[in-house]
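The lines below spell out each chain.
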Amino acid sequence: MSSGSAEIAREQEYVTMLYRRLDALRERASGRFAQVLLENGGTPQSRTERDIRAGEHADRLAQLDAAENGLCFGRLDFAVGETRYVGRMGLRDEQDDYEPLLIDWRAAAARPFYLATAAAPLGVSRRRHIKTRRRAVTGLDDDVLDLDELERDTPDGHSELVGEGALLSAVTADRTGRMRDVVETIQAEQDEAIRAGLAGVLVVQGGPGTGKTAVALHRAAYLLYAHRERLARRGVLIIGPNPTFLQYISHVLPALGETSAVLRTLGELFPGVVADRAEAPETVAVKGRPQMAQVLAAAVRARQRVPEQELEVEIDHVVYRLGRETCAEARELARGTLEPHNLARPVFVERVLDALTDQVVRRLNQDPFAEVTRELAEQIARELRELSEPDDPPLEEELLGRRDATEIRAGLADEPAVQAALEWLWPRLTPQRLLTELFADAEQLDRAAPQFTATERAALRREPGGGWSVADVPLLDEAAELLGTRDDTQRLEELRQARRLAYAQGVIDILKGSNPIEREDPREFEHMLTAADLIDAQTLADAQDERGHLSVAERAAADRTWTFGHVIVDEAQELSAMAWRVLMRRCPSRSMTLVGDVAQTGDPAGTDSWAKVLAPYVGDRWRLAELTVNYRTPAEVMAVAAKVLARIDPALEPPRSVRSSGIEPSRDSVPAERLAARLGEVAAGEAQLVGDGRLAVIVPARNAEPLAAAVLAAVPDASYGPEADLEKRAVVLTVRQAKGLEFDTVVVVDPAGIAADPLRGDSDLYVALTRVTRRLAILEVEG
Ligand SMILES: Nc1ncnc2c1ncn2[C@@H]1O[C@H](COP(=O)(O)OP(=O)(O)OP(=O)(O)O)[C@@H](O)[C@H]1O
């Protein structure tokens, strides 16, 4: 139901007043921001505080800017006569005792906007969606909720939809290649998940298009609003399946006024490693197994060696011997510390150096050339004995004094032969070195992974070099835990120092560039010093302590061991057991939201059961929220996808489509040799038809290159590749890349080829078919 122009004019008046209020706040905030930036001097502490305040003002300004579009989008009229306006942020009337003018969508008072239905109106008599374009009200959409019983009975099953008109116009709009927020039309089941409590693990399970990603992002915004104090310090981490997906969702949180959440793929979680290596599915599957944790622990233990009999160490042409027993004892001592490998190493080294020092001292005491020294020493010792206490050490031990022994020990520690022996016995290891050497050595693998079959071990074998894969990242992280890496605070200090240096260099450049004296004759001023001559960037950087202030996101990115206040994982079904170990380490409080669909699992190491994934960490203490309505895929397309879902698991129910498009999916079938040519024609036709929307061509991974070439020849502005540009009119993607995305039109190429993959082929096809919001074209290979 739309209301007339008089009603629009009335709402415009209110909305204009809200924008005036927003402008006033913005002006005040930028004034304060400027003032803080101009503050100078003070103690290092007051400068640090100034930086923190400047950061807060910048955040506030970003929030106010984000509220500009669609500031006010709803109104609730209650049966008792109260009216509330709902929008992107809260605004109050300073002139009227801070009465609320606009209620933040996340506040409890806004909830009826998302929950009230004709069946359960929650006291609301009318919900109004206010449509705006820039600052102008362009339309109103009302739900009248105090209908009598008869009218309330709606047999088409849509009765639970909230704000149906606004919802349908949102879901049928052209796609843009960027995900939009849905704050104006959040549905009741989504609202439940968004506002669920912060503590514990919440799993949001739902079929394709049910708004899981939307829920994940709005939940992040909600939690940062409702628990800002607790979450601001440690931050919120959002994990997405690949960089293309992160790019697709990257605008949603800023549009909701939140800039502090950290968005990452799993491959980005190990600082300093770029995970861009491709890996065979069998290898990915083995690397994701939970047993890999034991394999790596065994690999580390195998590097703590004792010799079969003894290890010879030659120093100055003299051979010393480290016996098996000595080495074994040193190893037990070091392992007994329960410290990680590198941190336990000093204990091992200590014991081995003791043993070697003993041997050297003994040898020197027997050295014939030491005779004279010894006689002298004995004489001195005799004289000393008269003065000594009865329990002083016996004479022989004193021949080469304790100080000498200490010096000998220090000298031994520097001996290359000793260092080589120690490296063999208990090497200093980085995670990268441990994995590289393990994968390169079939024998090491056999010993470390007896629980795997020979084929599985062979899948792990690879030559050194060639970079790291995403599946390696959890292994590197596990290895770092076992080894104890270089102190991460050191890495942070380096980052801070780099930041200070960059800042200081900037100041120096300004000083140099703004020398006020006009030098008519430069020689006249040859000996004149400027501030820039007196101070170099490094000195200035050292004095600029406060510039080292880092945001949570920066600290978290540099620090492998950073723990977050809340972790949200999208497409969570894709993560391997080893990946879960990493995320659980990042979130010891277990305050987590996992969203996904176990029917869409494509990763060979992913899961088909939430219970299985979570049991090792929280037992059965996790909550499940289910989403059942598909807002993306029209009923006609879901009918095709449902058949594939039944093949995955007949017990699974496809989500109910919120609408039908009236467009039946098209099917075309060609012989294999004609596939590329026909695809070119189909892609060109669909690219024409899609208008201002977006087209995706989804191809089987193993045939991607020639098929992409055919599309690019027919639609030259199409995008393809590891960093495909989703904002282009047409894009060619593999299923893996298309995960989580959506397009107005989708061409699925060779569905049988996609489904034929023995590892999760049907799930891949299900994902491919459900990316579409309007038209689906299927191009099959005959035979
Ligand atoms: N309440 C809503 N109002 C308007 N649009 C919505 C709503 N919920 C979801 N949508 C839209 O439906 C589409 C699908 O949502 P989303 O991508 O979050 O689904 P998903 O469950 O993550 O899907 P998939 O599992 O296939 O990745 C998006 O365009 C999203 O904006």
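These numbers were taken from a predicted model, which means no experiment stands behind them.

1. Quick look at the packing of helix 12 (residues 292–302) against helix 22 (residues 472–483)
Link 1 in the chain: Between helix 12 and helix 22, the shortest axis-to-axis distance is 10 Å and the interhelical angle comes to 45 degrees. The angle between helix 12 and helix 22 falls in the class oblique. For the pair helix 12 and helix 22, the sense of crossing is right-handed. Listed contacts from helix 22 to Met292, Ala293, Leu296, Ala297 and Val300 of helix 12 are Leu475, Glu478, Ala479, Leu482 and Leu483.
Link 2 in the chain: For the contact of helix 12 with helix 22, the class distribution of residues is 9 nonpolar, no polar and 1 charged.

2. Some details on helix 7 (residues 212–226)
Link 1 in the chain: Spanning 15 residues, helix 7 covers 20 Å between terminal C-alpha atoms, matching the ideal 21 Å at 1.5 Å per step.
Link 2 in the chain: Helix 7 sits mainly inside the fold: 13 of its 15 residues count as buried.

3. Let's talk about the sheet that holds strand 4 (residues 99–104)
Link 1 in the chain: Across the sheet, which stays open at both edges, the 6 strands sit in the order 3-4-2-1-5-6 with mixed pairing between neighbours. Among the strands making up the open sheet, the edge pair consists of strand 3 (91–93) and strand 6 (136–144). Sheet twist, expressed as the mean angle between neighbouring strand axes with direction ignored, is 25 degrees.

4. Things to note about the pairing of strand 21 (residues 743–749)
Link 1 in the chain: Across the 7 residues that make up strand 21, a large majority, 7, are buried.
Link 2 in the chain: Two strands pair when backbone bridges link them, and strand 18 (residues 695–699) and strand 21 are joined in this way by 4 bridges, in the parallel orientation. Across the sheet, residue Leu695 finds its bridge partner in strand 21, namely Thr745.
Link 3 in the chain: Note that strand 21 and strand 22 (residues 772–781) share 6 bridges and pair parallel.

5. Considerations on the UniProt feature "binding site: ATP" (unreviewed entry) in the chain
Link 1 in the chain: On the UniProt side, "binding site: ATP" (unreviewed entry) is annotated at positions that read Gly206, Gly207, Pro208, Gly209, Thr210, Gly211, Lys212 and Thr213 here.
Link 2 in the chain: With respect to the helices, strands and loops of the structure, Gly207 is situated in the loop between strand 7 (201–206) and helix 7.
Link 3 in the chain: For Gly207, a count of 28 C-beta atoms within 10 Å translates into the label buried.
Link 4 in the chain: When neighbours within four sequence positions are excluded, Gly207 is seen to be in contact with Asp597, Ala599, Asn630, Pro654 and Pro655.
Link 5 in the chain: Setting aside its immediate chain neighbours within four residues, Pro208 contacts Asp597, Gln600, Asn630, Arg632, Thr633, Pro655 and Thr770.

6. Quick look at the packing of helix 29 (residues 635–648) against helix 34 (residues 761–769)
Link 1 in the chain: It is at 9 Å that the axes of helix 29 and helix 34 come closest, and there the two elements cross at 165 degrees. Looking at the two axes, helix 29 sits roughly antiparallel to helix 34. As helix 29 packs across helix 34, the resulting crossing turns out to be left-handed. Residues Val637, Val640, Ala641, Val644, Leu645, Arg647 and Ile648 of helix 29 pack against Asp762, Ser763, Leu765, Tyr766 and Leu769 of helix 34.

Definitions and cut-offs
Residues numbered from 1 in each chain as written. Predicted model: local features only at pLDDT ≥ 70, side-chain atom pairs only at ≥ 80, totals over all residues. Axes fitted to C-alpha atoms, helices over the stretch in contact; angles between N-to-C directions. Helix = DSSP H or I, 4+ residues; strand = E, 2+ residues; numbered from the N terminus. Parallel < 35°, antiparallel > 145°, perpendicular 65-115°, else oblique. Left-handed = near helix turned anticlockwise from the far one by under 90°. Contact = placed C-beta atoms within 7 Å. Nonpolar A, V, L, I, M, F, W, Y, C, P; charged D, E, K, R; others polar. Expected span 1.5 Å × (residues − 1). Buried ≥ 20, exposed ≤ 12 C-beta atoms within 10 Å, placed from the backbone. Pairing = 2+ DSSP bridges. UniProt positions renumbered as here; feature names shortened; annotations may be inferred.

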